[in-house]
Every structure is written in C-alpha cells, then in structure tokens.
Amino acid sequence: MISPRGQVLVVAEQLDPTADLVVQALAALKVPVLRFDLAEFPQSIVLSAEHRDEAPGWSGELSSGRRAAQLKEVRAIYYRRPGLPVVSPQILDAYKNWALSQAVVGMVQILSSLPVVWMHHPDVYRASAHKPGQLVTATTAGLRVPRSFVGNSLAAARAWGERIGGSLVCKPIAAASINLPDAPPSMLPTRQLDVSELDESLELTAHYLQECVPKDFEVRLTVVGQRMFPVAIHARSERARTDWRSDYDALEYEPVSIPEEVACGVRRFMAAHRLNYGAFDFAVRPDGQWVFFECNPAGQWQFIAKATDLPIAEAHASLLQGAVS
C-alpha cells in the first residue's frame, strides 16, 4: 500500500510527453505527484525551506499554487532535463544574471540535498553524460566499443584514420544545437566520411571521430532499475542507416533478446555511474557482436514505448513508487 506521506516530484519541461507518461503511470498507482519545471521558478513556484542545527536536513514546502509538497515527505525525484529558471522582468538588467544564479543554486541545491531516490541526481547526470568518459567505463565494464579519436589536430586525425582503414564517422561529442538564421534549432547528425575528406575545419574545435562499424541493425536498450528493454531499430533509408535519428519515418522497431554478457556489462556500467536509468545505443554487427556507442542518462523512450507497447512508463513508476511503498 502506498504511504500517504510518500510524494514524488517530477521536475521536467512543461511540454515533455515522456514525463507525461511517468506522471500517468504514477497516478495509476495512486502515488501523489507534484510536477513542475525549473523554468516556473521563482515566478510561479514558491520555495520555503528551513534548516535547523538540531535536526539535519531541509524542511519546508514547495508549492505551485495548485499543489504543494512538504520537503520531508518527498520520497523520490524524477529529474528530467528541466529548463532554467526565468526571473521576473521587474529585475533590472544589471541584476538578471545574479538573480538567475541565485534561483538555480537555491532550488537545485535544496532538492539535491534531499535523501530520496533520484532518477537522476544532477551530479550523477553531469558525471555520466559525456561520451569520452563513457567509452572508458564501457570498456572497463567489458563492453565492445569502436576505436575513437578526439582532438583538433588534422595531421593526427588523418594518421589515425589511415591506421584504422580510412572509413570513418564524425559525430557530435556533446549535445548542442545549431542555430541558423530563420530556422529552428537543430542537431548535427552522425556523418560518414573517408579520411581523405578531413580538412582544416577540424582544427577549429574538438572533433569526435570513430571507425565505421558494419551493422545489421542498431539497438536502443532502455534500462530502468534492473529491467532491460532491448529494441532493434531497422533502418530503411541511407540516412537512417548512418544515424537513425535523422529519418524517423524510415525506422521499424522490434523487441529482441540481449546477450547475457552484454547485459552483465551494462549492469557494471550502470553501477559505475550510479545510474538507475539509461538509454543505451548499440550496433549489432553481421557476426552478432554488440558494439556500444553511448548511454544517454536522460534519453528519450516514449517513441520506443509507443511503437512496441513495452511497459517502460510502468517500470519508471514502479521504481519511483517503490521508494514510498
């Protein structure tokens, strides 16, 4: 039976269908939820927190006007890529950055200090979100990874590319959008290229190159706690075969089984980064070997659940409500 004192905070963007599914699944379990976006603080969200020397930990209230949560009653936080606080237009321009920093640290640090189950704690997300470090963790965990290069030395990149055979892919090293005039923000997709195509533009910033991995198909492996949902992604266009995110209309999805040695490696990876959720991307080679590309600790799964009817939202709710049962 769910304790009436157990509340779950869902901290996510206002328009986030993935967070919507988690809220619905928690509601089906009759778990009390307060959902808000950091972008609503401090104009619409009110925080009042108190720390006493005789009772370690923060107490107080978080209120959206419609609903409220007592900090001492929060048992789990689903923290999924919220926006940044938006300060009042009444604040003078000279003080806007100062006020923004106060809002970010004030809210996030109060939440971060709560002794609750997280998916994921901001510190855990920052430590686990970047690809270069992930490759080291994945290799240590026993997963196969592509040979990779990071840098801005054209001569070194060309020499490295020649050593591995000349067929490469170039992909973003970090999640960041491109803002072109008169166009919505967009992400750069993975691009296949030959080593002969590398030019002086590589010297302008850090670039992330990998060997081109031959693949029968790719797998999006969604991991929630101890539950794994491996789904094959079959690409039906040339663009999608290079980067399936660039052509969603050309994709077909199929739940598949995961080799035990890969599952064990994934568990070791999750434990190393203290994750209880991850969206893993693998290529499956023609010889059946699984090759790790990356793990997004806040990756999308709504499209996978919709295409396959896998109970991914329910797995989230089960993990979060387990903290309050």
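Our subject is the structure that appears above.
> Which parts of the structure should I look at to understand the overall build of the protein chain?
Within the protein chain, the secondary structure is distributed over nine helices and 16 strands. Its C-alpha atoms give the protein chain a radius of gyration of 22 Å, near enough to 20 Å, the size a compact globule of 325 residues would have. Its C-alpha atoms put the protein chain at 65 × 50 × 40 Å along the principal axes. Per-residue burial for the protein chain yields a buried fraction of 45% across its 325 residues. Intrachain contacts of the protein chain at a sequence separation of at least 6 include 66% that bridge at least 24 residues. Each charge class in the protein chain was averaged separately, 31 positive and 35 negative side chains, and the resulting centres sit 5 Å apart.

> Even after reading the chapter, I still don't get the nonpolar core, so can you show me in this structure?
Soluble globular proteins tend to bury their nonpolar side chains together. Residues Val10, Leu26, Tyr78 and Trp301 are the most contacted members of the largest nonpolar core, which totals 32 residues. Sorting the residues of this core by element identifies β1 (7–12), α1 (17–28), β6 (74–80), β13 (227–235), β15 (277–284), α8 (302–308) and α9 (312–321) as the ones contributing at least two each. The dominant element in this core, judged by the number of residues it contributes, is α9, at five residues. The residues contacting Trp301, other than those within four sequence positions of it, are Thr18, Leu21, Val22, Tyr78, Thr222, Tyr277, Ile312, Ala313 and His316. With 22 residues, the next largest nonpolar core counts Ala141, Ala263, Leu275 and Trp290 among its residues.

> Got a minute to help me understand the sheet that holds strand β9 (residues 167–171) in this structure?
Strand pairs in the sheet, formed through backbone hydrogen bonds, run parallel or antiparallel to each other. Spatial ordering of the open sheet is given by β8-β11-β9-β10, a layout of four strands whose pairing is antiparallel. Both outer strands of the open sheet, β8 (148–151) and β10 (191–194), are each paired with one neighbouring strand and no more. Pairwise comparison of adjacent strand axes, ignoring direction, gives a mean angle of 30° for this sheet. Two strands pair when backbone bridges link them, and β9 and β10 are joined in this way by four bridges, in the antiparallel orientation. By the bridge assignment, Cys170 is partnered in β10 with Arg191. Running over the sheet, helix α5 (residues 154–164) touches β8, β9 and β11 (207–211) and is turned about 10° from β11.

> Please explain the side chain of Lys131 as it appears in this structure.
By secondary structure assignment, the location of Lys131 is in helix α4 (residues 131–140). Accessibility expressed as a relative area gives 13% for Lys131, which makes it buried. At 2.7 Å, the side chain of Lys131 forms a polar contact with the backbone oxygen of Pro172. Ignoring any residue separated from it by four or fewer positions in sequence, one finds Lys131 in contact with Lys171, Pro172, Ile173, Tyr208 and Glu294.

> What am I meant to see in the packing of aromatic side chains here?
What describes a pair of aromatic rings is the distance from one ring centre to the other and the angle between the planes of the rings. The final tally for this structure, using the stated rule, is twelve aromatic pairs. With a centroid separation of 5.9 Å and an interplanar angle of 85°, the aromatic rings of Trp244 and Tyr248 are classed as edge-to-face. Given a relative accessible area of 2%, Trp244 falls into the buried group. Among the residues examined, Tyr248 registers a relative accessible area of 42% and is labelled partly exposed.

> What is the right way to look at unusual backbone geometry in this model?
Excluding glycine, a negative phi dihedral is what most residues carry, and trans is how most peptide bonds are arranged. In this structure, the amide linkage connecting Phe41 to the following residue, Pro42, adopts the cis form with an omega of 10°. Positionally, Pro42 belongs in the loop between β2 (33–36) and β3 (46–52). Between Met119 and the following residue, His120, the backbone shows a cis peptide bond with an omega angle of -15°. In this structure, Lys30 is a non-glycine residue whose phi angle is positive, near 60°. Within the fold, Lys30 resides in the loop between α1 and β2. The exposed category is assigned to Lys30, whose relative accessible area is 68%.

> What exactly am I supposed to notice about α9 here?
Given 3.6 residues to a turn, an α-helix orients residues that are three or four positions apart in the same direction. Among the ten residues that make up α9, seven are buried, leaving the element largely enclosed by the rest of the structure. Turning to α9, its buried residues are Ile312, Ala313, Ala315, His316, Ala317, Leu320 and Gln321.

Definitions and cut-offs
- Residues numbered from 1 in each chain as written.
- Predicted model: local features only at pLDDT ≥ 70, side-chain atom pairs only at ≥ 80, totals over all residues.
- Heavy atoms only, no water.
- Helix = DSSP H or I, 4+ residues; strand = E, 2+ residues; numbered from the N terminus.
- Rg over C-alpha atoms; globule rule 2.2 N^0.38 Å.
- Buried < 20%, exposed > 50% of the residue type's maximum accessible area, 1.4 Å probe, protein only.
- Contact = heavy atoms within 4.5 Å.
- Lys, Arg positive; Asp, Glu negative; His and termini not counted.
- Charge placed at Lys NZ, Arg CZ, Asp CG, Glu CD.
- Core = buried A, V, L, I, M, F, W, Y, C linked by side-chain atoms within 4.5 Å.
- Pairing = 2+ DSSP bridges.
- Axes fitted to C-alpha atoms, helices over the stretch in contact; angles between N-to-C directions.
- Polar contact = N/O pair within 3.5 Å; in protein donor to acceptor, adjacent residues only side chain to side chain.
- Phe/Tyr/Trp six-rings, centres within 6.5 Å; stacked < 30°, edge-to-face > 60°.

The values are spatial; any link to function lies outside them.
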